[in-house]
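Here is what each chain is made of, one letter per residue.
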Amino acid sequence: MLKTFAGALAVAAALAVPGAQALDVDPALKDYKKSAGVEGSLKSVGSDTLNNLMALWAEGFAKEYPSVKIEIEGKGSGTAPPALIGGTAQFGPMSRPMKAGELDDFEKKYGYKPTAVRVAVDALAVFVNKDNPIKCLSLTQLDAMFSKTRKKGGKEDIKTWGQLGATGEWATKPISLYGRNSASGTYGYFKEVGLGDGDYKDSVKEQPGSSAVVQGIASDKFAIGYSGVGYKTADVRIVPLSAKDGGACFDASSDNAYAGDFPITRFLYVYVNAKPGTKIDPLRAEFVKFVFSKQGQTGVIKDGFFPIPSAIAGQDLKAIGVE
Amino acid sequence: MTSTMPDTTAAAPTPKSPGRRTDLRSRGEPALWGLGGALAIGVTMILGFLALVLANGIATFIPKPITVVTEIGGTVTAGEPFRSEVFKPTPDVIAALSPEWQARIDAADGFARRTLYRVGNFDLYGEDFRWIPDYAVATFAQPKSLMFVERMEWGPFVGTVKGFKLDGADQIFTGLDDPKFAKIHDESRARAREIRTIERSRISDINHTLESARLELRKIEMQSGRSSSAYAAAEAGLTSRSTALQREYDTLAAEVQKLREANATNTLTLADIGGREKLIEFSALVRLYPANDMNFVQKLRVYFLRWGEFLTGEPREANTEGGVFPAIFGTAAMTLLMVIVVAPFGVITALYLREYAKQGRLVSFVRISVNNLAGVPSIVYGVFGLGFFAYVLGGSIDALFYPERLPNPTFGTGGLLWSALTLALLTVPVVIVATEEALAAVPRSMREGSLASGASKWQTIRYIVLPRAMPGIMTGVILAMARGAGEVAPLMLVGVVKLAPELPIDGIFPFVHLERSFMHLGFHIFDVGFQSRNAEAGKPMVFVTTVLLIGLVTIINATAIIMRNRLKKRFAGSQF
């Protein structure tokens, strides 16, 4: 998973590395031009991480096409495949790729696989309270904190902040764990990449939304949790991560995400029911075009995530038969 | 009595006076204290909750001053002080401080204070809030030139006005009372509104006509096939119509483009506290005010303008800004629709159970079942609504009446109608129980009098029993309404969505669109509180929306109570 991500971005990264301070969209992306006769209703069911982003795109799209009705529902990535299969939604935003079982279910009904459109880049950030002294964590340490199976090879169960080198009042304080509920793609992705497909500890407090994780950590001084980088507030801090114990630490910045250095970087997807070799209907095509336009990717920055380079946008537009 | 007498006499020899204790108990004193205490606790909790919500909700829109903080390192920050707290700085931080601050922190047992500033300018900084500890501050200032700018996009901007352009020509900014400044702002906003009207009504009409023509064609194709003559005729009709409409559309689009270009020449240059400039169009400016240079009346004006925008506007920026009008409308429409369904159903059921059914085992079993229904968790109703109403009923409606729209569902997904029906199911036990009680309370003598005068059973119910039971029935409906308006969990499954600016009632035939998803204040609270990107900025909005929801439920209830009292008065004279 991680390798495919780094590979996909390797080509694009050199072309489009945004400035260090103010994040900007890839200048090669086109301005959105509206076309006539686009009408109908769109419904999106899926990821909670992408909920605000879909809402921002819907607002922007509705500005261009005021008569298009767009409804957004975001209760977790797990709700996207059934909605797409049942035809109750045209778009299925997901914060993880579909699992083999979900792809099979879709194929059983339609005879082809759904198309994944990569709409944004997210560094899945590990948050701690703003007063937390921890400087850096490795994935192994994270696994030892969050998992009861410790598939990443951590030697001992990490239960207190003292075991991570914190001193003073922190040394004996137990670590309070926050995470997402199991319908969430963030839950699944962190389990796969962070825990090596191990099991979460029972003590992880499962939250119903990405923002709820951050709020939990903000009010709990000894907490740690994972959520999309876009949900950062002034009350929490993002911990730099390293892939291995003692390895170099990388902050969850856009540069590190594009270069693949930040170890839990992922794409955010929107799944579409598109028959290979045919064109999708104009309404959906225009929406995807809007997502990959300058305006659409500005929305990504607005929501705190990282925009997609134009090379990837081009690939994905081609995949659903949109020029 | 006789049994307690020996007890008292037996206890009499002890030196303590048990007589007083018995006295207290017999007067019911402990029970009185217990009941009174319970009531007091209940009232305190309710008042405390209301006070918390009201205090936070009402204060949200008050314009606050902007403070400029210069830190010892030279960093300058401008923002609204949001809240402050005490915290324990780490030893290495304290070690780097000046001896004076070290002594002060030491005197406070190692605690220091810090303040959260709302700095705005998310497009420049990538953050909207910043914590600044007191020990890092060199100076505070509140310069009068600083403006708080509310924008259509990117959230607020805190900074100064550098200058503005009128029709492309540079102007010098002298102050907000410059008539030219107000004039272009008004004109730009008017143009933006005009663009919206053109797009919302006229272009939308064209698109709607085109879409329905396309659907009509698809219907003919499904009925008589692609090769039929009817299809060919319809296709030719569609082509000619769409060219005409396309022409009309092009004219409107050109009109919009002209308005947009006019707006693009009227711009405002803002600068943040560090001098970084930002250009925005006047049409994207909601309002700006000099936060540190306002009198009471000006503050009040901003306060009420913000309330006005909140109550009548549409949400912006993924629901964190703008108004909640679609949510207010959705909540009210859904609640009323629910009442229309639940009231007749509940009353008819209760009438049958009380007046017609033979009282026996079966009836009491039905009654117990109804009472148990009230205890089913509301999310179960949501699942039932989704499975039965939306998928089974809605799916069949789609297959029968809207086959040309498939696979896009019309009724086969959550919507206003299904939500109202689900909530009606949820609240029907309340109405049944209340109605039965009200019917039982009508004196037997009145029924007998009516029957003795030769009225039939139905006439007795219709003219004697029902009118007198009406106030009681209304009470049941009011309770049902209050429960329905505040319920969110089942609605999340059957039709409430994060964003649906399209109202369920509008000017396009058939005017009432029961199949549309809608926004709901209760869900809006959940969404803004737990799902918005910036939880900090969302928190005040949660309180405001809660105040609004409580207000809405109060208004609906008050209306129903007034109606009930009128009914009561009408029959007050005729009771013996």
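What chain A contains, in helices and strands, is eleven helices and eleven strands. The C-alpha radius of gyration of chain A comes to 20 Å, within 12% of the 20 Å expected for a compact globule of 323 residues. Projected onto its principal axes, the C-alpha positions of chain A cover 65 × 40 × 35 Å. Considering chain A as a whole, with its 323 residues, one finds that 56% of them fall into the buried category. Once local pairs closer than 6 in sequence are excluded, the contacts in chain A between residues at least 24 apart make up 74%.

Before going further, it helps to examine the overall build of chain B. Tallying secondary structure elements over chain B gives 18 helices and 13 strands in all. The C-alpha radius of gyration of chain B comes to 33 Å, more than 25% above the 25 Å expected for a compact globule of 576 residues. In terms of overall dimensions, chain B has a C-alpha envelope of 105 × 95 × 45 Å along the principal axes. Among the 576 residues that make up chain B, the fraction classed as buried is 31%. Taking all contacts inside chain B whose residues are at least 6 apart in sequence as the whole, residues at least 24 apart take part in 72%.

This next bit is on the nonpolar core. Counting residues in each nonpolar core, the largest one holds 162 residues, and the members touching the most others are A:Ala58, A:Phe61, A:Ala120, B:Ala420, B:Val431 and B:Val477. At 16 residues, helix 13 (residues 416-441) of chain B tops the list of elements feeding residues into this core. When residues no more than four places from it in sequence are discounted, the contact partners of A:Ala58 are A:Ile70, A:Ile72 and B:Leu499. Counting residues in hydrophobic clusters, the runner-up holds 27 residues, among them B:Ile66, B:Tyr117, B:Phe181 and B:Leu268.

Contacts between the two partners involve 42 residues from chain B and, on the opposite side, 43 residues from chain A. Residue assignment for the side of chain B that touches chain A shows that the elements contributing at least two residues are strand 4 (129-133), helix 7 (179-224), helix 8 (229-264), helix 17 (521-531) and helix 18 (535-572) of chain B. Counting residues per element, the side of chain B that touches chain A draws most heavily on helix 7 of chain B, at eight residues. For the side of chain B that touches chain A, the per-class residue count stands at 19 nonpolar, 13 polar and ten charged.

As a further point, take the pairing of strand 7 (residues 157-166) of chain B. All names here are of chain B. The pairing of strand 6 (residues 147-151) with strand 7 spans three bridges and is classified as antiparallel. Following the sheet pairing, Phe148 is matched in strand 7 by Val158. Hairpin connection between strand 6 and strand 7: a loop of five residues separates the two successive antiparallel strands, and Trp154 in this loop has a positive phi of roughly 70 degrees. In this sheet, strand 9 (residues 267-271) lies alongside strand 7 in antiparallel orientation, the contact comprising four bridges. For Val161, the partnering residue across the bridge sits in strand 9 and is Leu270. As paired strands, strand 7 and strand 8 (residues 169-171) are joined by three bridges and run antiparallel to one another.

Next up on the list: the domain arrangement of chain B. It is common to give the size of an interface as the accessible area lost on bringing the parts into contact. For chain B, the assigned domains are domain 1 (67-158), domain 2 (169-264) and domain 3 (325-572). A separation of 48 Å is found between the C-alpha centroids of domain 1 of chain B and domain 2 of chain B.

Bringing the environment of B:Glu281 into the picture now. Residue and element names in this part refer to chain B. With respect to the secondary-structure elements, Glu281 resides in strand 10 (residues 277-281). By the C-beta count within 10 Å, which is 18 here, Glu281 ends up partly exposed. Distance in space between the C-alpha atoms of Glu281 and Asn263 is 6.8 Å, their sequence separation being 18 residues. When residues no more than four places from it in sequence are discounted, the contact partners of Glu281 are Ser188, Asn263, Ala264, Asn266 and Thr267.

Moving on, we get to the sheet that holds strand 2 (residues 76-87) of chain B. All names here are of chain B. Read across the sheet, five strands follow the order 4-3-2-1-5 without closing on themselves; strand pairing throughout is antiparallel. Where the open sheet ends on each side, the last strands, each with one partner, are strand 4 and strand 5 (137-141). For this sheet, the mean inter-axis angle between neighbouring strands, taken without regard to orientation, is 40 degrees. In this sheet, strand 3 (residues 112-118) lies alongside strand 2 in antiparallel orientation, the contact comprising seven bridges. Following the sheet pairing, Ser84 is matched in strand 3 by Thr115.

Turning our attention to the pairing of strand 4 (residues 115-129) of chain A. All names here are of chain A. For strand 4, a buried count of twelve out of 15 residues is recorded, marking the element as mostly surrounded by other parts of the structure. Pairing of strand 4 with strand 11 (residues 265-272) involves eight bridges; the strand directions are antiparallel. Of the residues in strand 11, the one forming a bridge with Val121 is Phe267. Two strands pair when backbone bridges link them, and strand 4 and strand 8 (residues 223-228) are joined in this way by five bridges, in the antiparallel orientation. Bridge pairing in strand 8 places Leu124 opposite Gly228. Pairing of strand 4 with strand 9 (residues 236-238) involves three bridges; the strand directions are antiparallel. Looking at the pairing, Val128 lines up with Arg237 of strand 9.

All names here are of chain B. Contact geometry of helix 14 (residues 444-452) with helix 15 (residues 457-486) gives a least axis separation of 10 Å together with a crossing angle of 140 degrees. The angle between helix 14 and helix 15 falls in the class oblique. In the crossing of helix 14 with helix 15, the sense of the turn from one axis to the other is right-handed. Between helix 14 and helix 15, the residues in contact are Met446, Arg447, Ser450 and Leu451 and Thr460, Ile464 and Val465, respectively. Taken together, the residues that form the contact of helix 14 with helix 15 break down as four nonpolar, two polar and one charged.

This paragraph deals with the confidence of the model for chain B. All names here are of chain B. For chain B, the average pLDDT comes to 85, and 94% of its residues sit at 70 or higher. Mean pLDDT per element in chain B: helix 1 (residues 4-11) is the minimum at 45, and helix 9 (residues 296-312) is the maximum at 93. Here the prediction assigns the complex a pTM of 0.81, and the interface score ipTM is 0.75.

How each quantity is defined
Residues numbered from 1 in each chain as written. Chains lettered and ligands numbered in written order. Predicted model: local features only at pLDDT ≥ 70, side-chain atom pairs only at ≥ 80, totals over all residues. Helix = DSSP H or I, 4+ residues; strand = E, 2+ residues; numbered from the N terminus. Rg over C-alpha atoms; globule rule 2.2 N^0.38 Å. Buried ≥ 20, exposed ≤ 12 C-beta atoms within 10 Å, placed from the backbone. Contact = placed C-beta atoms within 7 Å. Core = buried A, V, L, I, M, F, W, Y, C linked by C-beta atoms within 7 Å. Nonpolar A, V, L, I, M, F, W, Y, C, P; charged D, E, K, R; others polar. Pairing = 2+ DSSP bridges. Domains from an automatic or database assignment. Axes fitted to C-alpha atoms, helices over the stretch in contact; angles between N-to-C directions. Parallel < 35°, antiparallel > 145°, perpendicular 65-115°, else oblique. Left-handed = near helix turned anticlockwise from the far one by under 90°. pLDDT = per-residue confidence, 0-100.

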